[in-house]
Structures are given as C-alpha cells and as structure tokens.
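Summary of the model geometry
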Amino acid sequence: MSSTSSSAPAASRRLPSIPPATLIKWLRDMHLIREFEVRCMQSYQEKKIGGFCHVYIGQEAIAVGCTQAVRHEDPIVTAYRDHGHALARGMTARACMAEMFGKIGGCAKAKGGSMHMFDKPNNLYGGHGIVGAQTPLGTGLAFATKYEDEVINGAKNKRVTLCFLGDGAVNQGAFYETMNLAGLFDIPVIFIVENNGYSMGTAIHRGTTMSHELTIKGRAHGLKEATMDGMDVIAVQQDMHELAEWCRENSRPAFVDMRCYRYKGHSMSDPRKYRTREEEERHESNDPIGKFERTLLDNGVVTDAVIKEIMASCREEVRDSIQFANESPEPPMSDLYTDVFVEPWGRYPGSSQPEFTGGATNVCAFRATNGKEGLV
Amino acid sequence: MTAVLSNPVFREPESMGGAIREIEFRDALREAMSEEMRRDKRVFLLGEEVAQYDGAYKVSKGMLAEFGERRIIDTPISESGFAGMAIGAASMGLRPIVEFMSWSFSLVAADPILNNAPKMLYMSGGQLGCPIVFRGNDGAGGQLGSTHSWAVEGLFSNVPGVKIVIPSCAADAKGLMKTAIRDDDPVFFLESERLLSIKGHVPEGEYLIPFGHAAIRRTGTHCTICAWGRPVSFCMEAAEILAKEGIDCEVVDLRTIRPLDLPTVVASVRKTSCAVVVDQSWSFASPGGELAAQIHRHCFDDLDNFVHRVHADDVPTPYSTKLEQEYLPNVRKICEAVRAATYRA
C-alpha cells in the first residue's frame, strides 16, 4: 500500500491503465458529491434541511475510490457524514436530498434524515448517528455474508464489507471489541478510518494515542494494516482494490488509516475556531478534485470543455434533486406508525397516542387479532 | 400479528395431545433452540461460554456437538461488540440468538440493543429488519448483589420496537422461544436463573405460543392478580394462602409484556372488580405501573378499589438472603396487597 501523506506535491501523476470512461465516471461522481454538499449547505441555511447536517467536502475521493474498488454486492456501512457514500454507492441525488428535506421521496421515507441514509438495493446499510456504533454492525454484515457463503451455501467466502468511520470513532470501546471479534472470527471487513484530523473540534493528537501511527490499533488485533492517501482518488481505488481482494480471498479483516482533510466544519454550526485559515488553505491546495482533473487533463483523458460539461450536468442533477425534494410531499401522518414492527400487534391505546393528538388513521390500528382487540 | 396468528402451529401447550414429559426449564429452552436450528440454517447461537463450556447455566448443553462451532459460537466478554455484530448479521437476514449470561451484562451493550435493533426497521423506512433474539437471566438470581440482579424489563419496556417475553414455566419457555426465533422483529427473552432448574410438564410435539396471549393460571372471583415470569409462582402460592382466608384469586400470567394482553386482564378485572399487579422491577416508571394505569383507564367503573402494586423495593438489590427476600415481590407482600385491595386487611 502506498504511504503517501497529504503533504505530497499536488503535481499530476501517471495514470494506471484504467479505461477513460471509468476515470470520467469517478470525476463526475466526485463533482456530484461536492455540488450536492454545497447545495445542502445552502438548503440548510434556508431551513429546508433540519437537524444535524455534516458535509463531505474534501473527502470525496474516499467514498468514490472505495466504492469503485469493490463489487456492488459488497455491503457498506458508514457513520453520520454519509451523503457522499450514499451517492457514490448509487443512491439517486433525488432520494438523498428528499430524505434531508423530510419528504416522502426520501430514501427512508423521511424517517432517517441526513445522518441515517439507508439503501438496501445498493447494499448501503446506513448511515449511523452514534459515533462508532456502525463498527459492530459492519462486522455483523461481513459475518452474515461469510455465514451465507460458507455455512449455508457450503462455498467459499465471496464478499467483503466496507465499514467507514471517522478518526474520532477510533476511541470508542465498541470499536476495540469489534476489531477483536473481527480478528478472532476471520471476518472479511475493512475498517476505513477517514482520518480527517479532527473529531468535531478536537485535533487527533489531543484525543488519540499513537495518532502518528494509527494503524497500530489494527495491528493490536491482528488486522491487516494500510495507510492510504485519501486525497487521491486513483490511489484510493487502486490500493483499496488490492486490499479488498486480499480480504475477500483470505477472509480476513483490515484497518486503513485513510489520510484526508475535512474542508468544512464538523457540522453546520461549527465556526472552526480550533484551526487556522492557513492550515485549511494548505489542504485546499491539495484538493482531490482539482488534482484529479489536472491528472486527467495532462494525460489527455479530458479537455477543459469536458470538465465544464461534467460540472454543468452535476449542477443540473443537483438542481433537479432540490426541485424534486421541494415538490415531494411530506409523509402522510399514518407513516408515523408504520415500520415499527414487521409483525405489529396493533396500536398502543395508552394516553400518549393519536386519539388525543388528533392524528390520522393508524394503519395498524385496533384490529381483531384472533378474537382479541387492543393488545398494548 | 395477523400473519403470525394464522400459523397453525400456534397451540396452547395444554391443548397438545400425546405424551407429557417433565423436564427442566433450561431443557425446554434448549429444545426450542435446537428444533429451530434444525429447521432453519440462518439461526445460530452466540454468547459467552455457550459452546465448549456448554453454557454458563447449561442451557446450551450439547448444542456444540450437534451444530458445530460455526453455529454455536463462543464469544469473548464483549457484549457491545457481539450484540452489535449479531444485529448487523440480522439486518442482512440471518436470525441470531444472542445469549447474555445475565441481562445485567446487557447494559454495556445498551447502544446496539436499544439504539440499533429496535430502530433499524423504522429508520430505514422499512428496508432493513432485525430478526434477532436476545436471551438470558433476568432478575435477582440469589445473593448476587445489585450489579448482577437487574430486572431489565423496567428499563427496556420503555422502548418502542422491541417485543419482551418473560416466561414463567417450562412449557411456556419452549413455546414462546420458538415463536421468538421465528418472529421477524427483535425479541428480548427474559429468563430467570431461579426458574432454570424447575421442572414442568412439556408436551411432545411442536407447538408455538403466540405473543400477547396471557394464560389464566387460576380462576377466581374476588381479585385478579397479574404477573409475569418468576413472580407468577409467588402469586400462585399467595392465592393458596388467601383461599384459606376466603379470598378467591384469579392469577393472570401475561407471558409477554410487549405486547401486553390487555383484553384478558380487562375481562378478568371486570369479573373480580379488583386488581393487584406484581412486577419484579422497581416501581417507578415500570411495566407494573403501566399495567396499573391501563387497568384504571379501562376498568374505571368496574373497580372497587385502586389497583394495588407489588414491586421490588426501591433500593439496590441487597446481598443478604434475609434482605433480598424482603426486597423481592414475595408471597407475604402479595398477600398483604390482595387483602388491602379487597378490604380484608
């Protein structure tokens, strides 16, 4: 694996043999995420988006490079900064934006929101809001694919799970328990630590021991280690592909210190007083999109006109997603009561329920259940 | 529930013909798990000491030999990790049974079992379910001290999205466990260490007991006593004592507290005009408090007295046998509550 750090020169690089159409798709995916996030910030200011909102600007190369390094059937799970992963995995900008707008057209029918993007057809298992909570879940996804392939079907393990987390999650107890289990049970899961240097406003060295050598945390549990340049989409895709195939083949877990930088604040209410403008500018000059564009231009894969065209089409797609989200209806009141159980037993007839709040008809309201009504 | 109830395997154990055996509560649990594992390869058991040790309480004895280490899985002592891992596996469609050696240890796994399992379906807009069973010992085991004596139903019944099963006898343990494993939603299955060695009549043959169907353990006309889990046997004992005093009690075993079979309770209270609720969790914001509120609401005009409640005392569980017995919802306290409720005090 490469151990390039974010201080690498922003010069153009030689291209490995990747079809031009593929490279152009990566560029477009990255542009789409950035445009999407810029418009998210605007929409948040306009109060179209509520709650907490965390944008992915600066880290686009990771979501794009990682998802393009594995197969569509390989599950992925991530934390709350999840719009980029959702889009890179194939969720439509419409479904993603409408979810944030709290509309019925959203990927989870407006029950999840910005931090909880779920897309089962695209094998995206969330979007999880509690820091580090997705790490045991991701290990469970990989446990399940391995169990299906090996125990149920009696074949060889075929899939590998990508579990994204931030560098702040590295200090959660659940993550250590999970790495131990993954190492112990030969679980094909890759923990991709998107190490953007800050957990909220706490610089990594202020909260994490051995932050100069983060992979030692994986080594302690027998995980394969790698450090990658998360600001370089080609490096991410190439290194991740090699690693993922190793994990798939050997059915083993891995730990990736994915070096990157979060251009914006932790969330929409973060004035970024804990770091300097100079530091931000230094990283912005290493922009993953700008760098990739230069490489493609220098290698004759694209022209300025093509880039302009890509940007225009991304702008149009995101503009359309906002229009869709605006026009999508709010969820019906009855949706409040659906998806609580696969096998519901009826409406709770206690004092806190809609007969007192004027709510709409409940789809799983009082109904005969074997001659009995009104199970609580 | 409609789909589940249309399943012809739903039977009350008493309605089963054929031979009746007497087996321990733990054997009934093991039979249920083993039968379901033979039936469905997606079902597996994991937890601390479940495999090579044969289970800390021997519930899974012999299962490793039958099903092998890929399906009976020893985990390290890391509840948060393995509970969360099992939830992830369930969201992919497997059907894990997670054994907590004690539900007291589930508190370190509170985030996955409360924040992920019961909310996965809702937050994903119906895309991902979580068909999982968490099971283990709940309530005071006997001189274990406060950290190991949790009755977690008081905490966990507050959470929407979980089903909570608390069986009181071997036959129910088997029938309810089979239902729990086949249920598509997360089920918290609360056993009692003090019940594991108790033998009971368990019919041969397959039967599943539906959730939300209470059992009337004793019919009576003066007072309805509602309970679930271990305290049901205390209620039966109290009812015998009270019968000699001329107080005829009806004992309703709720079996599951989510869902809660209110119709059976209400019908009984309308008959007796008197209700006592017995709950081994602490009284403040408890399932017993909820049931009492529901009885007050639905039987307001039928009650001759307010609903009396018997709980564990509002203190941490003590170690001393004498103090622990006094702390629990014991026979004496139940008798006192019934006498007070029926104006015989």
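Residues numbered from 1 in each chain as written. Chains lettered and ligands numbered in written order. Predicted model: local features only at pLDDT ≥ 70, side-chain atom pairs only at ≥ 80, totals over all residues. Heavy atoms only, no water.

Attention now goes to the overall build of chain A. Helix and strand content of chain A: 12 helices and nine strands. Across the 376 residues in chain A, those meeting the buried criterion constitute 59%. Taking as baseline every contact in chain A between residues at least 6 positions apart, the subset at least 24 positions apart corresponds to 73%. In the structure as shown, chain A presents an accessible area of about 14,700 Å², 52% of it carried by carbon and sulfur atoms. (Helix = DSSP H or I, 4+ residues; strand = E, 2+ residues; numbered from the N terminus. Buried < 20%, exposed > 50% of the residue type's maximum accessible area, 1.4 Å probe, protein only. Contact = heavy atoms within 4.5 Å. Areas by Shrake-Rupley, 256 points an atom, 1.4 Å probe, with all protein chains shown as cover.)

On to the sheet that holds strand β4 (residues 161-166) of chain A. Taken together, seven strands build an open sheet; the order of strands is β2-β3-β1-β4-β5-β9-β8 (chain A) and the sheet is mixed. Taken across any chain shown, the strands that pair with only one partner, and hence form the sheet edges, are β2 (118-119) and β8 (224-229) of chain A. (Pairing = 2+ DSSP bridges.)

With that out of the way, let us pick up the domain arrangement of chain A. Split into domains, chain A comes out as domain 1 (20-327) and domain 2 (332-376). Between the C-alpha centres of domain 1 of chain A and domain 2 of chain A there is a distance of 38 Å. (Domains from an automatic or database assignment.)

Right, let's talk about the sheet that holds strand β13 (residues 275-282) of chain B for a bit. Residue and element names in this part refer to chain B. Taking strand neighbours across the sheet as the criterion, the five strands line up as β9-β11-β10-β13-β14 in an open arrangement whose pairing is mixed. Because the sheet does not close on itself, it has two edges, and the strands there are β9 (215-218) and β14 (308-312). Averaged over all neighbouring strand pairs, the angle between strand axes comes to 25°, with direction disregarded. Pairing of strand β10 (residues 223-227) with β13 involves three bridges; the strand directions are parallel. Bridging across to β13, Ile225 finds its partner in Val276. (Axes fitted to C-alpha atoms, helices over the stretch in contact; angles between N-to-C directions.)

Looking now at the interface of chain A and chain B. Taken residue by residue, the interface counts 62 residues in chain A and 58 residues in chain B. Summed over both partners, the interface of chain A with chain B comes to about 5,000 Å²; 64% of that surface belongs to carbon and sulfur atoms. Where chain A meets chain B, there are one salt bridge. The residue Glu150 of chain A makes a salt bridge to Arg70 of chain B at a minimum N-O spacing of 2.9 Å. Put simply, chain A and chain B have 13 residue pairs in polar contact (both at pLDDT 80 or more) between them. Broken down by secondary-structure element, the contributors of at least two residues to the side of chain A that touches chain B are β2, α5 (134-152) and α6 (173-184) of chain A. With 14 residues, α5 of chain A is the single largest residue contributor to the side of chain A that touches chain B. Residue composition of the side of chain A that touches chain B, grouped by class: 32 nonpolar, 14 polar and 16 charged. (Buried area = accessible area lost by both parts, 1.4 Å probe. Salt bridge = Lys/Arg side-chain N within 4 Å of Asp/Glu carboxyl O. Polar contact = N/O pair within 3.5 Å; in protein donor to acceptor, adjacent residues only side chain to side chain. Nonpolar A, V, L, I, M, F, W, Y, C, P; charged D, E, K, R; others polar.)

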